[in-house]
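Spelled out, the chains give:
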Amino acid sequence: MYGKDMNELVLVLDFGGQYKELIAGAVRKLSVYSEIKPGHLRAAEIRRINPIGIILTGGPNSVYLPDSAQCDPAIFTLGIPILGICYGMQMMCHMLGGGVSAGETGEYGRVTVIPSNQSVLFDTDKPFKALMSHKDAVTRLPKGFIASASTASCFAACENPAKKLYGVQFHPETKHTDGGQEIIKTFLFKICCAAGDYKLDDYIDTQVRKIRQEAGKENVLLALSGGVDSSVCASLLSKAIPGQLVCIFVDHGFMRLNEGDEIEDLFSRQKLRFIRVNAQARFLAKLKGISNPEKKRKIIGKEFIRVFEEEAAKLGRIPYLAQGTIYPDVVESGGAFGATIKSHHNVGGLPKNLSFTKIIEPLSGLFKDEVRVLGRKLGLPAFLVNRQPFPGPGLAIRITGEVTKKKLELLRKADAILREELDRLKHRPDQYFTVLTDTLSVGVKGDDRTYDPVIAVRAVSTGDFMTCEYSPIPHRILSRISSRITGEIPSVSRVVYDITSKPPATVEWE
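A brief look at the structure comes next. What you see is a predicted model, and the numbers here were worked out from it, not measured in a lab.

Quick look at the pairing of strand S1 (residues 9-14) now. Counting buried positions along S1 yields six of six residues, so the element is predominantly enclosed. Here S1 shows no split at all, with Leu9, Leu11 and Leu13 on one side and Val10, Val12 and Asp14 on the other all buried. Across six bridges, S1 lies against strand S2 (residues 33-38) in parallel orientation. Within S2, the position partnered with Leu11 by the bridge is Glu35. Between S1 and its parallel partner S2, the chain crosses via helix H1 (residues 20-29), and the hand of that crossover is right-handed. Pairing of S1 with strand S3 (residues 53-56) involves four bridges; the strand directions are parallel. Each bridged residue has a counterpart across the sheet, and for Leu11 the counterpart in S3 is Ile54.

This next bit is on the sheet that holds strand S10 (residues 220-223). Strand pairing within a sheet occurs via backbone hydrogen bonds; the two strands may be parallel or antiparallel. In space, the five strands of this open sheet follow the order S12-S11-S10-S13-S14, with parallel pairing throughout. In this open sheet, the two edge strands, each paired with only one partner strand, are strand S12 (273-278) and strand S14 (358-360). Neighbour-to-neighbour, the strand axes of this sheet turn through a mean angle of 25°, independent of strand direction. By the bridge criterion, three bridges tie S10 to strand S13 (residues 320-322) in an arrangement that is parallel. Each bridged residue has a counterpart across the sheet, and for Val220 the counterpart in S13 is Tyr320.

Counting residues in hydrophobic clusters, the biggest one holds 67 residues, and the most contacted among them are Leu13, Leu56, Ile75, Phe267, Leu363 and Leu374. The biggest single contributor to this core is helix H6 (residues 228-240), with seven residues. With sequence-adjacent residues up to four places away left out, Leu363 is seen in contact with Tyr203, Asp229, Val232, Cys233, Leu236, Thr325, Ile326, Tyr327, Val371 and Leu374. Counting 44 residues, the second-largest nonpolar core is a separate cluster that includes Val246, Leu395, Leu411 and Val457.

When their charged atoms lie close together, side chains carrying opposite charge are able to pair. Scanning all chains against the criterion turns up 28 salt bridges. Residues Glu510 and Lys296 are paired through a salt bridge, measuring 3.0 Å at the closest nitrogen-oxygen approach. Placement of Glu510 in the segment after strand S18 (494-497) and of Lys296 in helix H9 (residues 293-314) is noted, with a sequence separation of 214 residues between them. Under the relative-accessibility criterion, Glu510 is labelled buried at 18%. Through salt bridges with shared partners, one network takes in Glu420, Glu421, Arg424, Arg480, Arg484 and Glu488.

What counts as what
- Residues numbered from 1 in each chain as written.
- Predicted model: local features only at pLDDT ≥ 70, side-chain atom pairs only at ≥ 80, totals over all residues.
- Heavy atoms only, no water.
- Buried < 20%, exposed > 50% of the residue type's maximum accessible area, 1.4 Å probe, protein only.
- Helix = DSSP H or I, 4+ residues; strand = E, 2+ residues; numbered from the N terminus.
- Pairing = 2+ DSSP bridges.
- Right-handed = clockwise from strand over helix to strand, strands pointing away.
- Axes fitted to C-alpha atoms, helices over the stretch in contact; angles between N-to-C directions.
- Core = buried A, V, L, I, M, F, W, Y, C linked by side-chain atoms within 4.5 Å.
- Contact = heavy atoms within 4.5 Å.
- Salt bridge = Lys/Arg side-chain N within 4 Å of Asp/Glu carboxyl O.

Structural measurements only, silent on function.
Right, here's the structure in full:
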């Protein structure tokens, strides 16, 4: 993986924490290379890898239970600086002779933390708000540790500077912790003495050399979805092996207004062979009468594979398959607590009977924000690099109930209006779209009584897409959006705004 031999490394040991990717991403944003590894990685292997620091993630278990995830106790004797976060702090204290037990109420949400003036981890002794999410708490510190921060009910942080061991009960990796990035920065540069030598500037040159070495003179096949990952992958491959890349763009007909044409226009001008398969009629036929969202997803995924197989077969034998796999795909394919990381096939779950000599995944060491940076460096247009997350099944799962051509046309118009209005804002929500609901509503247009579908508008603010808050769009803008949708689309008489956060809702409706 890129950076292993070239950059200082911080290991993020995973114990099932939902924020592990945020931790590794926060480290990389500070120009220090990070990798996520299984929590049970042995000390001997860690010594061989030779990281400058180790971060222990959170996790869902109680450290005092016999089947709870634990690290190799020998890692605490390596002399490598360690930062335990939430479960990671509890595990470290428990394994080193401290006490951890279930609290009466726990702490959830933003809690006031009071740091001491004895710690190098905090650059302030003033109280600050931090995200807590724990029922268990450290009740007794191990020998040699001091409390470096507290809340009204628990040790919020502890440390043993002589052994370079540090712990925080809260989550500095999230934006909900005031000064959280500064805490991680202090750990990296003051405690681990990082040089900050991880840059994306030379990533393109490194990968170009690697791709040329892997592919040689052979052709490479890529399933191009038009999303950020596959598009950046296509651009990087076309730079590395001009004339040897074949991109198959399966247009299932569920993309937003003009997106299919924009993708074709962009990539048909690059040094690659671009094949567009217009298959909307085929996909709609498969979805006829289907309303269940999971069934829709599975049908679309299966049909995508079949179309891709058919088109690939027409090309003759191509030995290499390229994928826009990114680092979170690799991490998630490994499962919790470090099941062996395996090759991740993210192109619609391609079947094993597609015979390829090798899979090329030039983005598999990068997080999403790094992929976007790379796309800009490769000269891809802003509309594509900054594209909002868009589900693989596209608008088909933003239509509640059966999907039809008429419904798709209606939703495309509504979605285009919403994006046109919100794209004007200086500070836009992180994601926004419309949903064609299966609810019918009485309305009045002119002198006629109507009974038409309701359009729902969804706009959220989030830093990680794991949680989100609904965006409080000004009423004057919502009013204009509603007026345009109901005025420009004859079959819509009512627009509603979704003000539910995640949790309890999800970002998408289906």
